[in-house]
Amino acid sequence: MAVKILGSLGVAPYGMTVCEINGEPVVNYQYKNGENIISSPYSIITIIHYLYKYNYELVKDGVELYILSTDAARNLHYNKECKHVIINQKKKPGFIPNDYCLIENNNELFLQSNYLNLYHQIKYYNETNLLGFQIKPHFIEVPEDINHIETWKLFYKHKELINKNDKIILDITFGFRNQPQILSFSTIFQESLFQDDLVQYVFYVKVKNFTSNKGHLVDLMKMYTISKWADAVSTFIQTGYYKPVNLLIKQTYFDYEITYEMYKTLNSISETLSVVSDGLLDVKTGFYIDVYNETTLNQYITYNLLLLKKKINDFKNKYHKHSIFENELGLIFDVLNQIEEKFSWIELQHENTGDALSYQEINTLNHHYYDHLLMIMNYYYENRLYEQLIKLVNGLLTDKILYKDKFQTIQLKSDGNKIKEYFIEYYKQLEILLNENNYDQFSEMFKYLNQLTHYKNNLMNISFINFHDMKINKTITDTDIESHLAILFKKYKKELNLLFSYMTKAHHISLKLFNENIIKDLIE
């Protein structure tokens with residue numbers, strides 16, 4: 001598939017510009033008269049030579065040029081009849097560019113370029129197969145007087161050129177000031193739409209000034225990546241989907257001159273981020289009673305969130321003054337800051353480092369267990385992760401809590417199992433707290449919580465048949481669930497927070513008894 005280079009042409013008289021890399025000219029070939037050519041007035045030509053030299057695999061199947069230009073710019077730089085760029089002069093110019101000469105014809109003055117115009121340059125390349133592939137130009141007409149409506153028309157024209165699986169190179173050197181922006185924004189839009197990395201390079205050729213023909217080929221791809229970082233971070237924070245962030249973190253090792261040690265630290269953060277995301281999507285809230293079971297613990301959401309924040313904190317402390325992060329790589333710090341802020345409710349309280357949490361840190365997570373679960377519920381609600389939210393609510397707020405009369409019927413037997421003893425004490429203490437603080441104040445909220453059990457089985461948004469009365473039940477839609485949860489999290493926010501505070505108190509009392517029994521057994 002031919003690579004697509006998207007660029008623009010203006011009506012300015014461009015000068016021959018020599019761009020070098022490591023002291024070697026990017027453009028370097030012999031013309032048919034034996035003249036050695038090491039420059040070009042057209043950024044597109046310089047870019048094609050760069051790709052020919054340094055990434056031939058990308059262009060070996062050919063190059064499709066898509067050029068934004070007015071009719072005047074096209075007639076000037078892509079004129080089939082005239083081999084050179086010819087600019088009509090109403091009077092003798094006070095300055096003649098180095099690569100032009102002044103000619104007179106029928107009492108009219110013209111500036112004529114010493115170089116071939118773009119049409120004849122491309123024609124020569126294709127006829128001689130100079131680079132081993134063909135160049136096919138296409139022009140996108142730009143109105144002379146471009147207004148708001150015309151800008152949008154141009155945006156849509158350009159957007160339609162960009163297809164899924166395309167390989168795109170942006171040249172933002174020439175053209176009226178809004179044309180490079182249209183090129184960039186339409187491409188970013190299509191990338192977001194296709195969820196694919198289409199852009200391979202973003203180039204800008206710093207053209208020569210009046211005293212020198214030296215120029216610079218500037219690769220702006222790393223700056224273009226800013227939009228990818230922004231999109232990736234937004235996706236992770238809003239949905240828990242981590243792969244775009246992880247891919248960008250892993251790519252830093254190949255795109256930047258960072259040490260392997262620095263990369264390992266970043267990669268460790270990336271891997272923990274993956275586990276956090278999977279835990280959020282699979283609702284791996286776990287329980288911290290059995291603090292010695294590391295195989296289970298290291299899958300829990302809060303365990304890995306705290307571990308992630310530790311790793312981020314260690315990375316920032318170690319590298320925040322490193323000079324490499326003063327350029328676009330500094331975006332990594334912005335990303336890490338956003339992740340920390342999103343999960344600010346889980347706090348670092350210990351300074352030890354390492355790839356695992358200490359016993360003390362796990363005990364802290366155990367102590368704040370229900371506080372953290374309420375924050376996870378809010379995270380699910382804010383980011384419309386309703387399936388995960390309903391799953392969590394159904395796991396936490398069982399019939400034992402939702403119905404007052406169920407407390408009196410609980411007949412758990414511990415059989416010497418310390419964890420069962422914890423739960424017996426927990427439900428006992430929760431019942432006491434609810435009864436002491438007017439259980440009936442929660443009755444309306446409990447109705448909404450109980451209704452979530454019904455929604456749990458209808459998240460697929462399909463009609464289902466009730467075989468008891470052979471009627472088709474009404475489909476439960478996202479709108480139904482959203483309005484239901486809005487009442488729960490807004491109207492009954494105070495009651496929900498109060499309920500979780502009682503659950504935390506019951507947890508602390510039961511946890512104290514549990515720990516005392518463990519110590520008692522160890523002593524005996």
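As the structure is a computational prediction, the values presented were derived from the model and not from experiment.

Parameters and conventions
Residues numbered from 1 in each chain as written. Predicted model: local features only at pLDDT ≥ 70, side-chain atom pairs only at ≥ 80, totals over all residues. Heavy atoms only, no water. pLDDT = per-residue confidence, 0-100. Contact = heavy atoms within 4.5 Å. Patch = residues over 30% accessible without salt bridge, like charges linked within 9 Å, V, L, I, M, F, W, Y side chains within 5 Å. Areas by Shrake-Rupley, 256 points an atom, 1.4 Å probe, with all protein chains shown as cover. Salt bridge = Lys/Arg side-chain N within 4 Å of Asp/Glu carboxyl O. Lys, Arg positive; Asp, Glu negative; His and termini not counted. Charge placed at Lys NZ, Arg CZ, Asp CG, Glu CD. Helix = DSSP H or I, 4+ residues; strand = E, 2+ residues; numbered from the N terminus. Buried < 20%, exposed > 50% of the residue type's maximum accessible area, 1.4 Å probe, protein only. Pairing = 2+ DSSP bridges. Axes fitted to C-alpha atoms, helices over the stretch in contact; angles between N-to-C directions. Expected span 1.5 Å × (residues − 1).

A.B. asks: What is the right way to look at the confidence of the model for the chain in this model?
C.D. replies: Parts of the prediction with low pLDDT should not have their coordinates interpreted in detail. With 80% of its residues at a pLDDT of 70 or more, the chain has an overall mean of 78. When the criterion is pLDDT under 50, residues 460-474 qualifies, and its contacts beyond four places in sequence or with other chains add up to 18 contacts.

A.B. asks: I keep staring at a negative patch on the surface and nothing clicks. Help me out?
C.D. replies: Taken together, the side chains of Asp71, Glu141, Glu144 and Asp145 make up a negatively charged region of the molecular surface. Following the sequence through the fold, Asp145 ends up in the loop between strand 10 (135-141) and helix 5 (148-161). Of the residues examined, Asp145 reaches a relative accessible area of 65% and is grouped as exposed.

A.B. asks: What exactly am I supposed to notice about unusual backbone geometry here?
C.D. replies: The phi torsion of most residues other than glycine is negative, and most of the peptide bonds are trans. A positive phi angle, close to 50°, is found at Asn129, a residue other than glycine. Positionally, Asn129 belongs in the loop between helix 4 (118-128) and strand 10. One non-glycine residue, Arg384, lies in positive phi territory at about 60°. Position of Arg384 relative to the elements: it lies in the loop between helix 14 (369-382) and helix 15 (386-396).

A.B. asks: Explain the sheet that holds strand 9 (residues 108-116) to me, please; I cannot follow it from the model alone.
C.D. replies: The strands making up a sheet associate through backbone hydrogen bonding, with each pair oriented either parallel or antiparallel. What the three strands build is an open sheet, ordered 7-9-8; its pairing is antiparallel. Since the sheet does not close on itself, it has two edges, and those belong to strand 7 (84-89) and strand 8 (100-105), each with one partner. For this sheet, the mean inter-axis angle between neighbouring strands, taken without regard to orientation, is 30°. As paired elements, strand 8 and strand 9 share six bridges and run antiparallel to each other. Note that in strand 9 the partner of Leu102 across the bridge is Leu111.

A.B. asks: What's the story with helix 9 (residues 260-282) in this structure? I'm lost.
C.D. replies: Since there are 3.6 residues in each turn of an α-helix, residues three or four apart along the chain are aligned in direction. In this model helix 9 runs 32 Å from its N-terminal to its C-terminal C-alpha over 23 residues, within 8% of the 33 Å that 1.5 Å per residue would give. Looking one or two residues beyond helix 9, the residue adopting positive phi is Val283, at roughly 55°.

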